[in-house]
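Breakdown of the fold
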Amino acid sequence: MRILGIESSCDETAAAVVADGREILSSVVASQIDIHRKYGGVVPELASREHLRQIVPVVREALAQAGMQLTDVDAIGVTQGPGLVGALLVGITYGKTLAQSLGKPLVPVNHLEGHVHAVFLEAHKAGRVPKLPAMCLIVSGGHTVLCEVKSENPAVQDASAKLLYRKLGQTRDDAAGEAYDKVAKLLGLGYPGGPILDRLAAASNGAPAPVKFGHTKMKGNALDFSFSGLKTAVLYHVRENAEYNEEIRHREEALARGERKFEHLLPLCSTKTLGLVREFQNTVVRDLVERTLSAAEQLSAESILVSGGVAANSQLRSTFEERAKSAGIEVFFPSRVLSTDNAAMIAAAAYSRFRAGILADVSLNADPSLALA
Ligand code: KG4
Ligand code: ZN
């Protein structure tokens, strides 16, 4: 069964064809990063307009790469939410129109469920199957959610079953990726912040931390997250230490000249800045890993799944690998391309939903705050 997946919830227009929920026949992603960069974040109105421009060529390209015609598609899976309403509507309207005109089933998909399926897609490529129940951390620019993933069907313990989700914790303010983006912005390191801060932290070479950020204690649900306090702590530290100003200005000038790569920015960072970046990342990683492991332990999860843009972070991956190993639990990540938004994960999620009989008709509408559980 070949499903065409369509994703347009944020700033990536994506289409993909996936066979039987696990074989990626094609996956095309048109990123809008260059359009939003000068605003330091996603501008919803520009995002919708760009999706409109990209949706038709991106779907065509996905079909061409899979060597297929539209009529060869067995079903269409489309992201219903959560996300930006205007952005979602572009994919949904196109998906509905295709489904109607081709007479094919339309499957509504929760974007977060897509991120969970990204992990199964990657595992399948490596011939591995994450054991269920699993503890899943979805960590991106828009979300930081911890949920338990189980199969509805005791006889089918893989991603072709209908998966059941139970939310155990989430961020009360900023998402982890958002904290990366905001900290990078205030340090004059450009947008998006995750990849550059990741590399600078790795290049910090034991630079001492100019300030220490403590563990974020949560009142109430101990599995919730909070990152806005950390971002504010970085901001105050930078404001209180005037010596950062000059290098920040130099980096902003470099960015304005289009010099935004790691190679351009590293020489413009003092040891103190590198130490600060490393301490920020240590704090985020420690928080994400500890809460996830503690949730996995509490629920006796069989494996840990980590997905979403921040799952590409090298320190997060190595720390999870290390800690999970000593805890005797297997951890699974998607590759970098499957970590960030894509449509292969939407097509894969659509397969399990289709098998469970979850279909939509022409009344399907975008749901900007669609919950996973
Ligand atoms: O999943 P995604 O592509 O889009 C959302 O649904 O948000 O995630 C994008 C987010 C951005 O905030 C970006 O800074 C972050 O993922 N990110 C990273 C890394 N690569 C991307 N954060 C930390 N380390 C990275 N290597
Ligand atoms: Zn996402």
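So, a few notes on the structure that sits alongside this text. (Residues numbered from 1 in each chain as written. Chains lettered and ligands numbered in written order. Predicted model: local features only at pLDDT ≥ 70, side-chain atom pairs only at ≥ 80, totals over all residues. Heavy atoms only, no water.)

**Details of the state of the cysteines**
In this structure the tally under the stated criterion is zero disulfides. Between Cys136, a free cysteine, and Cys147, which holds the nearest cysteine sulfur, the sulfur-to-sulfur gap is 4.9 Å. Judged by its relative accessible area of 0%, Cys136 falls in the buried class. (Disulfide = S-S within 2.5 Å. Buried < 20%, exposed > 50% of the residue type's maximum accessible area, 1.4 Å probe, protein only.)

**Overview of the site of ligand 1**
Taken together, 20 residues form the shell around ligand 1, and within it Gly141, Asp181, Gly194, Asp198 and Asn313 come nearest. Interatomic distance of 3.0 Å between a backbone N/O atom of Gly309 and an oxygen atom of ligand 1. The contact in question runs from a nitrogen atom of ligand 1 to an N or O atom on the side chain of Asn313, over 2.9 Å. Protein coverage of the free-state accessible area of ligand 1, which is 560 Å², stands at 90%. Of the residues forming the shell around ligand 1, the biggest block, four residues, is contributed by helix α6 (residues 193-202). (Near = heavy atom within 4 Å. Polar contact = N/O pair within 3.5 Å; in protein donor to acceptor, adjacent residues only side chain to side chain. Areas by Shrake-Rupley, 256 points an atom, 1.4 Å probe, with all protein chains shown as cover. Helix = DSSP H or I, 4+ residues; strand = E, 2+ residues; numbered from the N terminus.)

**Some points on the nonpolar core**
Counting residues in hydrophobic clusters, the biggest one holds 52 residues, and the most contacted among them are Leu189, Phe280, Leu288, Val306, Leu316 and Phe320. If one sorts the elements of this core by residue count, helix α10 (residues 271-298) sits on top with eleven residues. Ignoring anything within four residues of it in the chain, the contact list for Phe280 reads Ala179, Tyr180, Val183, Leu197, Phe213, Leu230 and Val234. Within the second largest apolar cluster, 24 residues are counted, among which are Leu4, Ala30, Val78 and Leu98. (Core = buried A, V, L, I, M, F, W, Y, C linked by side-chain atoms within 4.5 Å. Contact = heavy atoms within 4.5 Å.)

**Observations concerning helix α3 (residues 85-102)**
Over its 18 residues, α3 runs 25 Å from end to end, which matches the ideal 26 Å to within 8%, given 1.5 Å per residue. All of the buried residues along α3 are Ala87, Leu88, Val90, Gly91, Ile92, Gly95, Lys96, Leu98 and Ala99. Structurally, α3 contributes buried residues whose contacts are with β1 (2-7), α2 (44-65), β4 (75-81) and β5 (106-110). (Expected span 1.5 Å × (residues − 1).)

**Overview of the sheet that holds strand β8 (residues 163-170)**
If you trace the five strands from one edge of the open sheet to the other, you get β8-β7-β6-β9-β10, paired in mixed fashion. Of all strands in the sheet, those with a lone pairing partner are β8 and β10 (330-332), marking the two edges. The sheet shows a mean angle of 25 degrees between the axes of neighbouring strands, direction not considered. In terms of strand pairing, strand β9 (residues 303-307) meets β10 through three bridges, oriented parallel. Considered in β10, the bridge of Leu305 is made with Phe332. Packing against the sheet, helix α4 (residues 111-125) makes contact with β6 (134-139), β7 (144-151), β8, β9 and β10, and its axis sits at approximately 115 degrees to β9. (Pairing = 2+ DSSP bridges. Axes fitted to C-alpha atoms, helices over the stretch in contact; angles between N-to-C directions.)

**Points about the side chain of Thr171**
Relative to the helices and strands, Thr171 resides in the loop between β8 and α5 (176-186). Separated by 3.2 Å, the side chain of Thr171 and the backbone nitrogen of Asp173 make a polar contact. A polar contact is formed between the side chain of Thr171 and the backbone oxygen of Asp174, at a distance of 2.6 Å. Among residues more than four places away in sequence, those in contact with Thr171 are Thr144, Phe225, Ser226 and Phe227.

**A closer look at the coordination of the zinc ion (ligand 2)**
Within the first shell, the zinc ion (ligand 2) binds the protein through His111 (NE2), His115 (NE2) and Asp341 (OD), at distances of 2.1 Å. Around the zinc ion (ligand 2) sit four donor atoms; with metal-centred angles ranging over 93 to 144 degrees, the donor geometry is irregular. On the primary sequence, the residues serving as donors to the zinc ion (ligand 2) are separated as H-x3-H-x225-D. Taken as a pair, His115 in helix α4 and Asp341 in the loop between α12 (336-339) and α13 (344-355) lie far apart in primary sequence, 226 residues in all. Judged by relative accessible area, which is 13%, Asp341 ranks as buried. (Donors = N, O, S within 2.8 Å, 3.2 Å for Na, K, Ca; no water. Tetrahedral: all angles 85-135°; square planar, octahedral: opposite > 155°, others 65-115°.)

**Points about the pairing of β6**
Taking burial as the measure, the six residues of β6 include six buried ones, the bulk of the element. Along β6, one buried face is formed by Ala134, Cys136 and Ile138 and the opposite face, lined by Met135, Leu137 and Val139, is buried too. Relative to β7, β6 runs antiparallel, the two sharing six bridges. Looking at β7, one finds that Val139 is bridged to Thr144. The antiparallel hairpin formed by β6 and β7 contains four residues in its connecting segment. Sheet topology note: the β6/β9 ladder contains five bridges and is parallel. Paired with Ala134 across the two strands is Ser303, which belongs to β9.

**Some details on the packing of α6 against α10**
Contact geometry for α6 and α10: axes closest at 8 Å, N-to-C directions at 110 degrees. On the basis of the axis angle, α6 is roughly perpendicular to α10. Relative to α10, the crossing made by α6 is left-handed. In this structure, α6 contributes Leu197, Asp198, Leu200, Ala201 and Ala202 to the contact, and α10 contributes Leu274, Val277, Arg278, Phe280 and Gln281. The residue inventory of the contact of α6 with α10, partitioned by class, reads seven nonpolar, one polar and two charged. (Parallel < 35°, antiparallel > 145°, perpendicular 65-115°, else oblique. Left-handed = near helix turned anticlockwise from the far one by under 90°. Nonpolar A, V, L, I, M, F, W, Y, C, P; charged D, E, K, R; others polar.)

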